[in-house]
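Examining the three-dimensional arrangement
Each chain, written out:
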Amino acid sequence: QVQLVESGGGLVQAGGSLKLSCAVVSGSIFRLNGMGWYRQAPGKQRELVAAITSGGIANYADSVKDRFTISRDNAKNTVFLQMNSLKPEDPAVYYCNFVPPTPSWGQGTQVTVSS
C-alpha cells in the first residue's frame, strides 16, 4: 500500500516562500508515475495545482503558474513544491499523490499565509 508523507507547511507572510516535501513509500512505482501536489481550502474541493511526469515535465494550474515549482528526486522517492510569492488565496492543506491520484491520501501539510 502506498504511503504519502507530506511536510514543510507553516505560517508565512504574503509574498514569502515555503518548500513542501513529500516522501512516497511505495517501493519501485514512484519513478514510473506522474506525481502531483493538490490543495484543499476550507469549503472547497481538492484541486490539483502542480504535476510532474515521470520524465520531469511539469504543469501548473493557472493560479500558481510562475510562482510554484514542482520537482522530484526519483532516487529518494520524494517530490517537492517550491512556493514563492505566496498570496492570501493560497492557504490550504496541501497533499501529494500520484496523477491520477490513488485512494490513499496522506495527512497533508497546512499552509497559512498572513496578510
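The text that follows walks through the structure, step by step, so that each part is easy to find. This one's a predicted model, so the numbers in the text were calculated from it and none came from an experiment. (Residues numbered from 1 in each chain as written. Predicted model: local features only at pLDDT ≥ 70, side-chain atom pairs only at ≥ 80, totals over all residues. Heavy atoms only, no water.)

All right, on to the packing of aromatic side chains then. A full pass over the atoms with the stated rule returns two aromatic pairs. Measuring from ring centre to ring centre gives 5.0 Å for Tyr 38 and Trp 105, while their planes differ by 85°; the resulting arrangement is edge-to-face. Residue Tyr 38 is located in strand β4 (residues 35-40), and its partner Trp 105 is located in the loop between β9 (92-98) and β10 (109-114); the two are separated by 67 residues in the primary sequence. A relative accessible area of 7% means that Tyr 38 is categorised as buried. The exposure class assigned to Trp 105 is partly exposed, which follows from its relative accessible area of 29%. Between Tyr 95 and Trp 105, the aromatic rings sit 5.8 Å apart at their centres with planes inclined by 80°, giving edge-to-face as the arrangement. Here Tyr 95 is found in strand β9, whereas its partner Trp 105 is found in the loop between β9 and β10, with ten residues between them in sequence. Taken together, the ring pairs in this structure connect Tyr 38, Tyr 95 and Trp 105 into an aromatic cluster. (Phe/Tyr/Trp six-rings, centres within 6.5 Å; stacked < 30°, edge-to-face > 60°. Helix = DSSP H or I, 4+ residues; strand = E, 2+ residues; numbered from the N terminus. Buried < 20%, exposed > 50% of the residue type's maximum accessible area, 1.4 Å probe, protein only.)

Strand order in the open sheet made by the six strands is β2-β10-β9-β4-β5-β6, with mixed pairing throughout. Of all strands in the sheet, those with a lone pairing partner are β2 (10-13) and β6 (58-60), marking the two edges. Each strand of the sheet is rotated relative to its neighbour by a mean of 25°, with strand direction disregarded. As judged from the three bridges shared by β9 and β10, these two strands associate in the antiparallel manner. (Pairing = 2+ DSSP bridges. Axes fitted to C-alpha atoms, helices over the stretch in contact; angles between N-to-C directions.)

Mapping Asn 97 onto the fold places it in strand β9. Accessibility expressed as a relative area gives 0% for Asn 97, which makes it buried. A polar contact is formed between the side chain of Asn 97 and the backbone nitrogen of Thr 102, at a distance of 3.0 Å. Not counting residues up to four positions away in its chain, the partners in contact with Asn 97 are Leu 4, Met 35, Gly 36, Tyr 38, Thr 102, Ser 104 and Trp 105. (Polar contact = N/O pair within 3.5 Å; in protein donor to acceptor, adjacent residues only side chain to side chain. Contact = heavy atoms within 4.5 Å.)

Examined bridge by bridge, β4 and strand β5 (residues 47-52) share five bridges and lie antiparallel to one another. What sits directly across from Met 35, in β5, is Ile 52. Hairpin connection of β4 to β5: six residues between the antiparallel strands, including Gly 43 at a positive phi of 80°. In the sheet, β5 pairs with β6 via three bridges, with the strands oriented antiparallel. When the sheet's bridge partners are listed, Ile 52 is paired in β6 with Ala 58. With antiparallel pairing between neighbouring strands as the criterion, β5 and β6 make up a hairpin whose turn holds five residues, including Gly 56 at a positive phi of roughly 95°.

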